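The primary structure of each chain is shown beneath.
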Amino acid sequence: MSLTSLSAADLAHVLFTSRLQESDRPSAEQVRAAIEERLCACGGDRAVCTAYVAQEAGDHPDTYVTRMRWALTSVTRAYATAPTRPRAAV
């Protein structure tokens with residue numbers, strides 16, 4: 001699966017499942033690398049990441065919104081500044 005075929009929401013779901021944290025203050029490059037790494041770990045199947053997001057939302061609704069907001073913001077910024085990739089569709 002090509003990252004360019006994923007929407008910002010799809011990319012945010014993948015980032016949400018990564019080990020990267022908002023407190024790490026990751027650079028755009030680190031966000032893009034974390035997404036690529038996590039998507040590869042899921043066998044290129046974004047549905048695996050989406051299932052994990054759904055589980056986390058149910059298990060930890062108190063932190064879900066904050067983390068997803070961070071993931072969406074981070075994806076938007078990371079792909080807006082990507083030198084060789086098109087901007088993620090919102």
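Residues numbered from 1 in each chain as written. Predicted model: local features only at pLDDT ≥ 70, side-chain atom pairs only at ≥ 80, totals over all residues. Heavy atoms only, no water.

1. Side note on the overall build of the protein
Test applied: A helix here means a DSSP run of H or I that spans at least four residues, while a strand means a run of E at least two residues long, and both kinds are numbered starting from the N terminus. Accessibility here uses a 1.4 Å probe with only protein chains present; expressed as a share of the type maximum, an area under 20% marks a residue as buried, one over 50% as exposed, and anything in between as partly exposed. By the convention used here, residues are in contact when the closest approach between their heavy atoms is within 4.5 Å. Throughout, the Shrake-Rupley method with a 1.4 Å probe supplies accessible areas, and for residues the shown protein chains are the sole cover considered.
What the protein contains, in helices and strands, is 4 helices and 0 strands. The order of helices and strands in the protein, counted from the N terminus, is α-α-α-α. Residues classed as buried in the protein amount to 34% of the 90 residues present. Long-range contacts, defined here as pairs at least 24 residues apart, represent 72% of the contacts in the protein between residues at least 6 apart. About 5,500 Å² of surface is accessible on the protein, with carbon and sulfur atoms providing 50% of the total.

2. Thoughts on helix H4 (residues 61-80)
One full turn of an α-helix is made of 3.6 residues, so residues set three or four places apart face in the same direction. Filter applied, for reference: Given a helix with a known number of residues, its expected span is that number minus one, times 1.5 Å. Directions from the helix axis toward the C-beta atoms define the arc.
Here H4 contains 20 residues, and its C-alpha end-to-end distance of 29 Å stays within 8% of the 28 Å for a straight helix at 1.5 Å per residue. Within H4, the full set of buried residues consists of Arg 67, Met 68, Trp 70, Ala 71, Ser 74, Val 75, Ala 78 and Tyr 79. Down the axis of H4, the buried set is contained in an arc of 165°. They therefore lie on one face. Exposed residues pointing more than 90 degrees away from the buried face of H4 are listed as Asp 62, Arg 69 and Arg 77. At its buried positions, H4 is contacted by helix H1 (8-16), helix H2 (28-41) and helix H3 (46-59).

3. Digging into the pattern of salt bridges
This is how the line gets drawn: Here, a salt bridge means any side-chain nitrogen of Lys or Arg that lies within 4 Å of a carboxyl oxygen of Asp or Glu.
All chains considered together, the criterion is met by 1 salt bridge. Residue Arg 46 pairs with Asp 10 through a salt bridge whose shortest N-O separation is 3.2 Å. Of this pair, Arg 46 sits in helix H3 while Asp 10 sits in helix H1, and the two are 36 residues apart along the sequence. Arg 46 gets classed as partly exposed once you look at its relative accessible area, which sits at 33%. Overall, Asp 10 belongs to the buried group, its relative accessible area being 16%.

4. Things to note about the environment of His 13
For His 13, the location among the structural elements is in helix H1. As a C-alpha pair, His 13 and Val 48 span 35 residues in sequence and 9.8 Å in three-dimensional space. Sequence-distant contacts of His 13, defined by excluding residues within four places in its chain, comprise Cys 49, Thr 50, Val 53 and Met 68.

5. Points about the packing of aromatic side chains
Think of a pair of aromatic rings as described by two things: how far the centres are apart, and how the planes are tilted against each other in angle. This is how it is decided: The aromatic pairing rule takes the rings of Phe, Tyr and Trp, using the six-membered ring of Trp, and pairs them if the centres are within 6.5 Å, calling planes under 30 degrees apart stacked, those over 60 edge-to-face and the rest tilted. Geometrically, a lysine NZ or arginine CZ counts as sitting over a ring once it is within 6 Å of the ring centre and also within 35 degrees of the ring normal.
On inspection of all chains with the given rule, the structure shows 1 aromatic pair. Over the face of the ring belonging to Phe 16 we find Arg 67, whose NZ or CZ atom lies 5.5 Å from the ring centre.

6. A look at the environment of Thr 50
Summarising the element assignment, Thr 50 is placed in helix H3. What makes Thr 50 partly exposed here is its relative accessible area of 30%. Spatially, the C-alpha atom of Thr 50 lies 8.5 Å from that of Thr 17, the residues being 33 residues apart in sequence.

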